[in-house]
Amino acid sequence: MSATTPIASDIARMQRASFLVAAVAGVLLLIGALVDFQRFLQAYLVGYLMWLGPTLGSLAIVMLHNMTGGKWGFAIRRLLEAGMRNVPLMAVLFLPLLLGVTQLYEWAHVEHDPIIEAKRAYLNVPFFALRALIFFAVWYGLSTAMLRLAEKYDRTLSIPALRKLKGYSGLGLVAYVMTMSFASFDWGMSLEPHWFSTIYGVHFVVGQVLSTLCLAIVAASRLKRVEPFSRWLERSHFHDLGNLLLAFVMLWAYISFSQFLIIWSGNLPEETPWYLNRLGFGWQTFAMILVLGHFAAPFVILLLRRSKRNARVLATLAMALFALRFVDYYWLLAPAFHHGEFHPSWMDAVAPIGVGALWMGMFLRNTRGRPLVSLQDSKLLQQLEEAPSAG
Amino acid sequence: MSQPTQQPPGSPPIIAPGHTISSVSDKITSIVLKRHTPRGWYVGFAISFALMMVMLGSIAKLLFEGVGVWGLNVPVGWGFAIINFVWWIGIGHAGTLISAILLLFRQEWRTSINRFAEAMTLFAVACAGVFPLLHVGRPWLAYWLLPYPNTMSLTPQFRSPLLWDVFAVSTYATVSLLFWYIGLVPDLASLRDRAKSRFFKTVYGIFALGWRGAATHWERYETAYLLLAGLATPLVISVHTVVSFDFAVSIIPGWHATIFPPYFVAGAIYSGFAMVMTLAIPLRKVYGLQDFITMRHLQNMAKVILATGLIVAYGYAMEVFFAWYSANPYERGMAWNRMTGPFAWSYWALMLCNVITPQFLWLKKVRNNVALLFLICLIVNVGMWLERFVIVVTSLSRDFLPSSWDTYAGTVWDWSLYVGTMGLFGTLLFLFIRFLPMISIFEMRTLVPHSKQKAPGEGEAS
């Protein structure tokens with residue numbers, strides 16, 4: 001793919017715009033941090049975790065696809081690989097959180113709390129930092145290993161390379177789910193150190209995959225507008241991706257609802273405050289938006305075959321759903337800081353945009369100089385050889 | 001080369017080479033119509049039938065004397081009955097999963113195993129149903145569980161997941177039966193056409209509903225089958241979710257955990273696939289069906305078992321971590337009691353069966369060894385029973401008040417009923433393989449093009 005093709009200049013333009021937005025947001029956030037560092041951290045954590053989603057979600061979906069196969073994966077594979085390459089970026093972006101850990105997390109500065117004292121062996125700053133180091137080491141190791149193995153397989157198309165790719169993907173998924181679960185306990189759940197829920201990690205993992213699918217669908221539908229991709233990306237690719245999106249929307253709702261029902265039904269004073277904080281003081285609006293927009297509406301739309309086979313409709317839905325992913329993270333994390341109130345800050349909006357713009361810019365940079373489609377897809381090779389058919 | 005990452009070249013095919021449409025039909029129908037019933041069938045049926053008589057005896061004793069003959073006591077009010085109920089219902093789920101979900105995911109390899117996996121579902125649900133029905137104490141009044149207008153001012157408690165169970169399981173049983181039967185109709189017609197005796201011609205003919213294989217028949221059949229698959233998929237998940245709610249909505253330490261719904265569903269699939277393998281491995285050998293239930297099926301099922309086993313292990317890990325992290329003395333006490341208390345043997349046996357054993361399935365060598373696969377599946381079946389034993393008994397026998405702690409052991413009537421339901425299951429299964437095609441004939445015919453494939457070493461599209 002030479003740099004003169006329209007898609008390449010398109011990408012370069014979007015990349016410049018992304019970095020520009022990131023720079024502006026960065027300056028704003030810097031001012032915000034100087035004015036109120038704690039408030040900045042709170043906004044930044046939500047933005048950070050939101051964009052950690054597509055980074056690690058890409059890794060997860062690539063590993064899943066290595067094991068299951070399926071043509072849906074070939075359609076988005078290169079995009080996911082570009083997303084995976086953002087793991088080092090996310091590691092760097094974690095530094096502000098590490099610096100602000102004592103201000104961000106109650107357990108890091110509160111003393112004489114018997115419940116927190118009982119968890120001190122886990123909830124302490126050095127171990128927190130060590131765990132973060134381990135998480136990023138595992139994710140970086142996994143993403144580079146996956147990229148290398150896939151590249152080797154692409155080059156050789158040999159069976160031992162494929163076996164290796166599949167085997168490492170299986171182990172890698174286990175490592176990802178374990179590390180991400182504990183990362184979610186550290187970075188999200190421990191904001192309210194008295195509260196716990198055994199399904200919290202699963203909720204995060206599912207959310208990350210969902211975020212990634214949304215972005216991948218949007219990106220693939222943009223590709224579809226450009227020659228030669230428009231010939232290669234078929235309706236059935238989007239149909240499969242739509243089904244996968246539907247499955248994860250349902251899984252997200254299933255997990256969220258199960259957790260709610262179990263805690264509501266148990267009605268224990270150590271668990272219910274988490275929901276009470278999130279279902280009052282204005283937060284209930286976000287909860288309703290999630291129920292309707294993050295589950296009910298996409299569920300109905302994605303049940304229809306027509307909307308899954310139409311790339312434009314599906315991409316619009318995915319875009320909206322990705323925006324709602326922010327509401328999910330915000331509703332999940334931010335009420336911990338507001339202690340039974342709701343006082344939003346301008347930084348709550350700027351942080352995810354800033355992190356997102358930087359992420360997007362790096363993501364676009366990662367796609368350059370590399371093929372945007374996977375050569376493992378044999379159908380593609382056939383199509384390239386045969387006469388172009390009507391998309 | 002066709003889609004390499006889907007199936008590496010050189011892996012076993014989903015149907016052995018050299019089969020034609022008529023050879024497939026002959027091979028499957030002859031088991032029912034022509035071939036001599038193998039001696040093994042008589043032996044297996046006799047054992048199963050004898051065990052079923054044990055079940056009936058145990059039920060008679062229970063009804064005559066009351067639930068006191070079981071080992072239940074005051075803290076442990078749920079013993080074998082709920083353990084066995086959950087065990088059986090979990091086993092049943094693999095059938096629906098294979099038939100419905102793999103159909104929706106267009107996994108062609110499901111074809112040769114779906115029919116008897118569905119039958120397994122029905123029989124397992126029948127066995128599961130025995131336990132709550134008897135546990136209510138007066139099974140002849142079980143219809144009181146249904147919300148019907150009555151003069152007793154009796155309304156069921158809609159907030160209780162036990163009532164949700166009534167709806168979930170009965171709906172599930174109904175849809176599973178319909179799904180299985182609809183799938184059978186074209187094959188019943190094949191049997192009708194091939195049967196020699198007038199009696200069997202009539203019986204199969206009645207159940208074939210006048211199927212002639214017309215294009216409109218097929219069209220409506222496909223629609224109905226797909227709709228039922230779509231209906232069965234949420235049902236299979238909802239049933240085991242509701243089963244997990246039976247425990248999780250309470251506040252008993254070790255039961256009240258938010259991970260329970262997905263962890264129970266994964267456990268159900270895990271045990272169900274293990275049971276499908278436990279049945280498929282001897283069946284394919286006795287009836288010489290290695291051409292249809294190939295190594296590819298066994299390998300794929302082994303992978304599903306490994307994956308779901310890992311999810312279950314994740315559930316165990318989260319339970320232990322959060323018991324500690326909760327900093328709640330009762331939660332911590334529960335975990336400690338499981339590991340070191342009077343039932344510690346069951347906990348460690350569970351870890352051995354359900355967490356360590358399936359790890360061998362990472363190795364391709366093990367996945368290719370039928371005897372080892374069979375052994376692992378048996379161990380997993382035991383492990384999944386132990387899981388429910390650990391959950392039910394350790395949590396109930398020692399809850400909040402040490403003064404009300406007690407121990408628990410199943411009596412001879414508990415065990416005889418449990419073993420007896422295996423007899424019921426076996427009896428139904430043996431009758432099924434004797435009188436109905438255990439592999440879907442017409443769906444296998446659609447795989448015949450795969451059979452034309454060349455020597456191993458070439459990949460196949462899937």
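Residues numbered from 1 in each chain as written. Chains lettered and ligands numbered in written order. Predicted model: local features only at pLDDT ≥ 70, side-chain atom pairs only at ≥ 80, totals over all residues. Heavy atoms only, no water.

Caption draft 1: Representation of the overall build of chain A in the model. Broken down by element type, chain A carries 19 helices and 0 strands. The C-alpha radius of gyration of chain A comes to 21 Å, within 12% of the 21 Å expected for a compact globule of 391 residues. Each of the 391 residues in chain A was classed as buried or not, and the buried ones make up 59%. Sequence-distant contacts in chain A: of pairs separated by 6 or more residues, those separated by 24 or more amount to 81%. In the structure as shown, chain A presents an accessible area of about 15900 Å², 70% of it carried by carbon and sulfur atoms. Taking the average place of the 32 positive charges on the side chains of chain A and the average place of its 22 negative ones, the gap between the two points comes to 13 Å. (Helix = DSSP H or I, 4+ residues; strand = E, 2+ residues; numbered from the N terminus. Rg over C-alpha atoms; globule rule 2.2 N^0.38 Å. Buried < 20%, exposed > 50% of the residue type's maximum accessible area, 1.4 Å probe, protein only. Contact = heavy atoms within 4.5 Å. Areas by Shrake-Rupley, 256 points an atom, 1.4 Å probe, with all protein chains shown as cover. Lys, Arg positive; Asp, Glu negative; His and termini not counted. Charge placed at Lys NZ, Arg CZ, Asp CG, Glu CD.)

Caption draft 2: Structural view of the confidence of the model for chain A. Residue and element names in this part refer to chain A. The share of residues in chain A with pLDDT of 70 or more is 94%, and the mean pLDDT across the chain is 87. Within chain A, the element-level pLDDT minimum falls on helix 19 (residues 378-385), averaging 52, and the maximum on helix 4 (residues 87-93), averaging 94. Note on residues 386-391: pLDDT under 50 across the span, and 3 contacts to partners over four residues away in sequence or across chains. (pLDDT = per-residue confidence, 0-100.)

Caption draft 3: Just the packing of helix 1 (residues 6-35) of chain A against helix 18 (residues 346-367) of chain A, in detail. Residue and element names in this part refer to chain A. Contact pair helix 1 / helix 18: the axes reach a minimum separation of 7 Å and the direction vectors enclose 145°. In this structure, the crossing between helix 1 and helix 18 has a hand that is left-handed. Here the contact of helix 1 with helix 18 is composed, by residue class, of 19 nonpolar, 6 polar and 1 charged. (Axes fitted to C-alpha atoms, helices over the stretch in contact; angles between N-to-C directions. Left-handed = near helix turned anticlockwise from the far one by under 90°. Nonpolar A, V, L, I, M, F, W, Y, C, P; charged D, E, K, R; others polar.)

Caption draft 4: Region of interest: the interface of chain B and chain A. Chain B puts 37 residues into the contact, and the matching count from chain A is 51 residues. Summed over both sides, the interface between chain B and chain A buries roughly 3900 Å², with carbon and sulfur atoms accounting for 69% of that surface. Taken together, the links from chain B to chain A amount to 0 salt bridges. Here chain B is connected to chain A by 12 residue pairs in polar contact (both at pLDDT 80 or more). For the side of chain B that touches chain A, the elements supplying multiple residues, two or more each, are helix 7 (215-248), helix 8 (260-286) and helix 9 (295-325) of chain B. With 7 residues, helix 9 of chain B is the single largest residue contributor to the side of chain B that touches chain A. (Buried area = accessible area lost by both parts, 1.4 Å probe. Salt bridge = Lys/Arg side-chain N within 4 Å of Asp/Glu carboxyl O. Polar contact = N/O pair within 3.5 Å; in protein donor to acceptor, adjacent residues only side chain to side chain.)

Caption draft 5: View of the pattern of salt bridges. All names here are of chain A. Applying the stated criterion to the full structure yields 14 salt bridges over all chains. Its salt-bridge partner being Arg 78, residue Glu 81 comes within 2.7 Å of it at the nearest N-O pair. Separated by 3 residues within a single helix, Glu 81 and Arg 78 lie in helix 3 (residues 71-84), roughly one turn from each other. Classification of Glu 81 by relative accessible area gives buried; the value is 5%. With a relative accessible area of 15%, Arg 78 lands in the buried category.

Caption draft 6: Quick look at a nonpolar patch on the surface. Residues and elements named next belong to chain A. Together, Leu 20, Val 24, Val 27, Leu 28, Ile 31, Val 35 and Trp 346 make up an exposed nonpolar region whose accessible area comes to about 700 Å². Broken down by element, the residue count for the nonpolar patch peaks at 6 residues, all from helix 1. The residue Leu 28 is located in helix 1 in this model. (Patch = residues over 30% accessible without salt bridge, like charges linked within 9 Å, V, L, I, M, F, W, Y side chains within 5 Å.)

Caption draft 7: Inspection of the packing of aromatic side chains at higher detail. All names here are of chain B. Taken as a whole and judged by the stated rule, the model has 81 aromatic pairs over all chains. Residues Phe 80 and Trp 385 carry aromatic rings whose centres are separated by 5.3 Å and whose planes lie at 75° to one another, so their mutual orientation is edge-to-face. On the criterion of sequence distance, the pair formed by Phe 80 in helix 3 (residues 80-104) and Trp 385 in helix 13 (residues 370-397) is long-range, its members being 305 residues apart. For the pair shown, Phe 80 and Trp 385 are each scored as buried. (Phe/Tyr/Trp six-rings, centres within 6.5 Å; stacked < 30°, edge-to-face > 60°.)

Caption draft 8: Structural view of helix 8 (residues 125-156) of chain A. End to end, helix 8 of chain A covers 46 Å across 32 residues, agreeing with the expected 46 Å (1.5 Å per residue, within 8%). Backbone nitrogen of Phe 127 of chain A and a side-chain oxygen of the N-cap are separated by 2.9 Å at the start of helix 8 of chain A; the cap is Asn 124 of chain A. (Expected span 1.5 Å × (residues − 1).)

Caption draft 9: Structural context of the confidence of the model for chain B. Residue and element names in this part refer to chain B. For chain B, per-residue confidence averages 86 on the pLDDT scale, and 94% of positions sit at 70 or higher. Below a pLDDT of 50 lies the segment residues 454-462, which in the model reaches 20 contacts outside its immediate sequence neighbourhood of four places, other chains included. If you check the scores for this complex, the pTM reads 0.89 and the ipTM reads 0.89.

Caption draft 10: Looking closely at empty space enclosed by the protein. Taken as a whole, this structure holds 4 cavities of 30 Å³ or more when the rule is applied. In this structure, the largest cavity occupies an estimated 130 Å³ of space. Lining the largest cavity are 15 residues; nearest its centre among them are Phe 196 and Thr 198 of chain A together with His 256, Ala 257 and Glu 331 of chain B. Counting residues per element, the lining of the largest cavity draws most heavily on helix 9 of chain B, which supplies 3 residues. (1 Å grid on protein atoms, 1.4 Å probe; cavity = no way out; pocket = protein on both sides within 12 Å on 5 of 7 lines; lining within 4 Å. Points joined across faces, edges and corners; volume = space filled by probe spheres on them.)

Caption draft 11: Broad picture of the state of the cysteines. Residues and elements named next belong to chain B. Applying the stated criterion across every chain yields a total of 0 disulfides over all chains. Residue Cys 353 stays outside any disulfide, its sulfur separated by 13 Å from that of Cys 377, the closest cysteine. On the basis of relative accessible area, Cys 353 is assigned to the buried category, the value being 11%. (Disulfide = S-S within 2.5 Å.)

Caption draft 12: Fine view of the environment of Val 136 of chain B. Residues and elements named next belong to chain B. The residue Val 136 is located in the loop between helix 4 (111-135) and helix 5 (161-194) in this model. The exposure class of Val 136 is partly exposed, given its relative accessible area of 43%. In this structure, the C-alpha to C-alpha distance between Val 136 and Gly 68, residues 68 residues apart in sequence, is 12 Å.

Caption draft 13: Structural context of the packing of helix 2 (residues 37-68) of chain A against helix 8 of chain A. Residues and elements named next belong to chain A. With their axes 11 Å apart at the nearest point, helix 2 and helix 8 run at an angle of 45° to one another. In terms of orientation, helix 2 and helix 8 fall into the oblique class. Of the two possible hands of crossing, helix 2 and helix 8 adopt the one that is left-handed. Packed against helix 2, whose contacting residues are Tyr 48, Leu 52, Leu 56, Leu 59, Met 63 and Asn 66, the element helix 8 presents Phe 136, Trp 139, Leu 142, Ser 143 and Met 146 at the interface. Looking at the contact of helix 2 with helix 8 residue by residue, the classes come out as 9 nonpolar, 2 polar and no charged. (Parallel < 35°, antiparallel > 145°, perpendicular 65-115°, else oblique.)

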